Amino acid sequence: MKTVQTTPFTDQRPGTSGLRKKTRVFMQPHYLENFVQAVFNTVREFTGSGFGSETLVVGGDGRFYNRAATQTILRMAAANGFRRLLVGRDSLLSTPAVSAVIRRRGALGGLVLSASHNPGGLDADFGIKYNVRNGGPAPEAITERIYEETLSISEYRTLDHPDLHLEHEGTLLLEKTEVVVIDPLVDYTAVIEELFAFESLRALFAEDFRMQFDAMNAVTGPYAHHILEQLLGAPAGTVINGTPLEDFGGHHPDPNQVNAAELVARMNAPDAPDFGAACDGDGDRNLILGRNFFVTPGDSLAVIAEYAGKCIPGYRNGLAGAARSMPTSTAIDRVAETLGITCYETPTGWKFFGNLMDAGLCTVCGEESFGTGSNHVREKDGLWAVLCWLSILATTRKPVASVVRQHWERFGRSYFQRHDYEGLELTPATQMIAALRDKLPTLPGLPVGGSRIAHADDFSYTDPVDGSTSTRQGLRILLEDGSRIVCRLSGTGTEVATLRLYVERYRRDGGGGVIEEVLAPLVNAGRELLELRERCGREEPTVIT
Ligand code: VG1
Ligand code: CO
């Protein structure tokens, strides 16, 4: 064991989902090490553990620097006294798989190496996140303490030891610490097999049902090959872009209609398969498509909640509750009401769902950013959502579009869009949000898009389980007709600022409206309230999802 002297970096505050920076920032001497030691110091403080009887899980999405960072972390974890380290073969583990491994093997926690849907490579992004014993992202109290720790760090512990061979499963030794190289698929697949009726999904593929799954050259490739093609019998070629690449083939591994253009084109072609899906870099997000049909994440969550009890054995006894992040469409709220369960509204970021699930208050949850999941793990889970949809299609034997249209007939439709304005300058963007925040008390009564502002606030959340409060989680403007305008700055970017403007309008019109037309008045009102053009010189968003 050796102790290395270091000095703090001032920019290591975890955001919505861990610490994300340009890869070159992470590659600076001591940068990764400082953060990892800050995590260990914090976890030691919170758990009172000396690590001597504890297990830590390590793995990532395979992006550039994943392998090197894993070796650094293994040496540091051994030097910090962990008894056992579980690492995915080739350093690979999807985010939901890390969660599954932590839970099934009783680990103290895990370090996930990923910048999720951000591009990968030497000139792109890298990230690291700590997950706690329940398998979910560390709650804010811990991430804030980690940040404080990074500001005062003066030394870290490591070993002088060559890199380990992580290409084969087996047990290695790093001084006194056992390093177990595990098959990244095993724990995750076991969890999934407990939930879904594999027989009935196999029967679906045995007929002429066809699907296209785009792994976006990222970590879900091996999981999808194994589960969809090998276990469920989907024909070879169902999975495309199925080999994890360090730069994701130069693309954004972000499963939306813009970035999954190849898949979208196939699903809109005359001979399109019945079902299309994609996952992001680390496997926790999902995109659901039918023939010529895009299912918004909010609708997907609502439809999954509507059908889970009927179509998926793991939810046979019904749902204990539901949850969505604040900007996410309220479609799930109406399903919850019909089911007679509570729907919780949390701030953006998966870390806020963990307590609800641990306390048995919530079974399914989701976010508008293509994240859906349940209490089978404590992360959002892209392939889980895909299997939920397959189960719904196997039971109903209806096309994706019909399932969603029927949902709109029954519950009404939440027309919903997110407009991202990327690459804004930080100072004017921050000032823009601050100015609107100051104006919030004066807004009620103001006419907007044929309705009137009923309520405006900066969202604050008090966790019903531990009583902790998180403030300033996004500006919400609620209209009398139930429409909403929400805005906040992204907490996952690695450069300058991204504004997210979310708009929602609920209608009982069978869902046949043209979304751009329905939402235009809200989009315009949002831009005007923010004074977007005047303050940031921008009119049109960079991405609409
Ligand atoms: C974004 C999404 C948020 C999601 C987070 C992490 O955060 O909006 O819903 O939880 O990414 O997702 P932000 O702060 O940029 O809006 V992932 O797939 O990066 O772990
Ligand atoms: Co992700």
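Above this text you will find the structure in question.
Please read these numbers as outputs of a predicted model, since none were measured by experiment.

*Asks:* Report on the pairing of strand E24 (residues 475–479), specifying residues and quantitative values.
*Replies:* Burial runs high along E24: 4 of the 5 residues are buried. Bridge count between strand E21 (residues 451–458) and E24: 5 bridges; the pairing is antiparallel. In the strand pairing of E24, Ile 453 is matched with Leu 479. Between E24 and the antiparallel strand that follows it, strand E25 (residues 484–489), lie 4 residues; Gly 482 among them carries a positive phi value of about 95 degrees.

*Asks:* Report on the coordination of the cobalt ion (ligand 2), specifying residues and quantitative values.
*Replies:* Taken together, the protein donors to the cobalt ion (ligand 2) comprise Ser 116 (OG), Asp 280 (OD), Asp 282 (OD) and Asp 284 (OD), at separations of 1.9 to 2.2 Å. In the primary sequence, the donor residues of the cobalt ion (ligand 2) line up as S-x163-D-x1-D-x1-D. Note that Ser 116 is positioned in the loop between strand E5 (109–113) and strand E6 (125–131) and Asp 282 in the loop between strand E12 (275–279) and strand E13 (286–290), a separation of 166 residues in sequence. Judged by its relative accessible area of 3%, Ser 116 falls in the buried class. By relative accessible area, which is 4% here, Asp 282 ends up buried.

*Asks:* Which residues make up helix H11 (residues 331–339), and what are the values?
*Replies:* Inspection of H11 places Ala 331, Ile 332, Arg 334, Val 335 and Ala 336 among the buried residues, and these make up the whole buried set. Looking at the buried positions of H11, the neighbouring elements they touch are helix H10 (297–311), strand E15 (322–325), strand E16 (343–346), helix H14 (400–411), strand E19 (413–424) and strand E26 (497–507). In the segment just after H11, Gly 340 is the residue with positive phi, at about 75 degrees.

*Asks:* Describe helix H3 (residues 66–79), with residues and values.
*Replies:* Compared with the 20 Å implied by 1.5 Å per residue over 14 residues, the 20 Å span of H3 between its first and last C-alpha is a close match. Of all the 14 residues making up H3, 12 are buried; the element is thus mostly covered by neighbouring parts of the structure. Buried within H3 we find Asn 66, Ala 69, Thr 70, Gln 71, Thr 72, Ile 73, Leu 74, Arg 75, Met 76, Ala 77, Ala 78 and Ala 79. At the C-terminal side of H3, Gly 81 shows a positive phi close to 95 degrees.

*Asks:* So what's going on with the site of ligand 1? Residues and values would help.
*Replies:* The environment of ligand 1 is made up of 20 residues, and the closest members are Thr 16, Ser 116, Ser 369, Thr 492 and Arg 500. For ligand 1, an oxygen atom lies 3.0 Å from a polar atom in the side chain of Asp 284. Ser 490 places a polar side-chain atom, nitrogen or oxygen, 2.6 Å from an oxygen atom of ligand 1.

*Asks:* Explain the pattern of salt bridges to me, using residue names and the numbers behind them.
*Replies:* Per the counting criterion, the structure on display carries 42 salt bridges. The salt bridge partner of Arg 324 is Asp 333, with a shortest N-O separation of 2.7 Å. Under the relative-accessibility criterion, Arg 324 is labelled buried at 4%. Two residues, Asp 457 and Arg 476, come together in a salt bridge whose shortest N-O distance is 2.8 Å. Note that Asp 457 is positioned in strand E21 and Arg 476 in strand E24, a separation of 19 residues in sequence. Residue classification places Arg 476 among the buried residues on the basis of a relative accessible area of 12%. It is possible to trace a salt-bridge network through shared partners that takes in Arg 324, Asp 333, Glu 345, Asp 457, Arg 476, Arg 484 and Glu 504.

*Asks:* Can you break down the layout of surface pockets residue by residue, with the values?
*Replies:* There is about 1,200 Å³ of room inside the largest pocket. In terms of lining, the largest pocket is formed by 38 residues, of which the most central are Gly 15, Thr 16, Leu 489, Ser 490 and Gly 491. Those elements giving two or more residues to the lining of the largest pocket turn out to be strand E2 (19–22), helix H5 (140–152), helix H15 (426–439), E25 and E26. Split into classes, the residues belonging to the lining of the largest pocket amount to 11 nonpolar, 15 polar and 12 charged.

*Asks:* Explain the nonpolar core to me, and be specific about the residues and the numbers.
*Replies:* Core analysis: the biggest nonpolar cluster contains 74 residues, and Phe 213, Phe 275, Trp 384, Trp 389 and Leu 390 have the highest contact counts within it. In terms of residue count, the dominant contributor to this core is helix H13 (residues 382–396) (11 residues).

*Asks:* A description of empty space enclosed by the protein should follow, citing residues and the corresponding values.
*Replies:* If you walk through the whole model with that rule in mind, you get 5 cavities of 30 Å³ or more. Lining the largest cavity are 24 residues, with Thr 16, Arg 285, Glu 367, Lys 380 and Thr 492 positioned closest to its centre. Split into classes, the residues belonging to the lining of the largest cavity amount to 2 nonpolar, 10 polar and 12 charged. Roughly 90 Å³ of volume is contained in the second largest cavity. Lining the second largest cavity are 15 residues, with Gly 18, Lys 129, Tyr 130, Ala 138 and Thr 143 sitting closest to its centre. In terms of residue class, the lining of the second largest cavity is built from 8 nonpolar, 5 polar and 2 charged.

*Asks:* Break down the packing of aromatic side chains for me, with residues and values.
*Replies:* The geometry of two aromatic rings is summed up by the distance between their centres and the angle between their planes. Tallied over the entire structure, the rule returns 14 aromatic pairs. Taking 5.4 Å as the distance between ring centres and 80 degrees as the angle between the ring planes, the aromatic pair formed by Phe 26 and Tyr 31 counts as edge-to-face. Exposure remark for Tyr 31: the relative accessible area of 0% places this residue in the buried category. When the centroid spacing of 4.6 Å and the interplanar angle of 75 degrees are considered together, the rings of Trp 350 and Phe 353 count as edge-to-face. Residue classification places Trp 350 among the buried residues on the basis of a relative accessible area of 4%. Look at Phe 353 and you get buried, because its relative accessible area is 0%.

*Asks:* Let's hear about the side chain of His 419: which residues, and what values?
*Replies:* As for its placement among the helices and strands, His 419 is situated in strand E19. Given the relative accessible area of 4%, His 419 is considered buried. In terms of polar contacts, His 419 uses its side chain to reach the side chain of Gln 417, at 2.8 Å. Discounting residues that sit within four places of it in the chain, His 419 has contacts with Leu 499, Arg 500, Leu 501, Val 523, Arg 527, Pro 541, Val 543 and Ile 544.

*Asks:* Could you give an account of the environment of Asn 256, naming the residues involved and the relevant values?
*Replies:* Within the secondary structure, Asn 256 is located in the loop between strand E11 (239–240) and helix H9 (261–268). Along the sequence, Asn 256 and Thr 10 sit 246 residues apart, while their C-alpha atoms lie 33 Å from each other. Dropping the residues within four chain positions of it, Asn 256 is found in contact with Leu 287, Phe 370, Val 543 and Thr 545. Side-chain polar atoms of Asn 256 contact the backbone nitrogen of Val 258, separated by 2.9 Å.

Rules used throughout
Residues numbered from 1 in each chain as written. Chains lettered and ligands numbered in written order. Predicted model: local features only at pLDDT ≥ 70, side-chain atom pairs only at ≥ 80, totals over all residues. Heavy atoms only, no water. Buried < 20%, exposed > 50% of the residue type's maximum accessible area, 1.4 Å probe, protein only. Helix = DSSP H or I, 4+ residues; strand = E, 2+ residues; numbered from the N terminus. Pairing = 2+ DSSP bridges. Donors = N, O, S within 2.8 Å, 3.2 Å for Na, K, Ca; no water. Contact = heavy atoms within 4.5 Å. Expected span 1.5 Å × (residues − 1). Near = heavy atom within 4 Å. Polar contact = N/O pair within 3.5 Å; in protein donor to acceptor, adjacent residues only side chain to side chain. Salt bridge = Lys/Arg side-chain N within 4 Å of Asp/Glu carboxyl O. 1 Å grid on protein atoms, 1.4 Å probe; cavity = no way out; pocket = protein on both sides within 12 Å on 5 of 7 lines; lining within 4 Å. Points joined across faces, edges and corners; volume = space filled by probe spheres on them. Nonpolar A, V, L, I, M, F, W, Y, C, P; charged D, E, K, R; others polar. Core = buried A, V, L, I, M, F, W, Y, C linked by side-chain atoms within 4.5 Å. Phe/Tyr/Trp six-rings, centres within 6.5 Å; stacked < 30°, edge-to-face > 60°.

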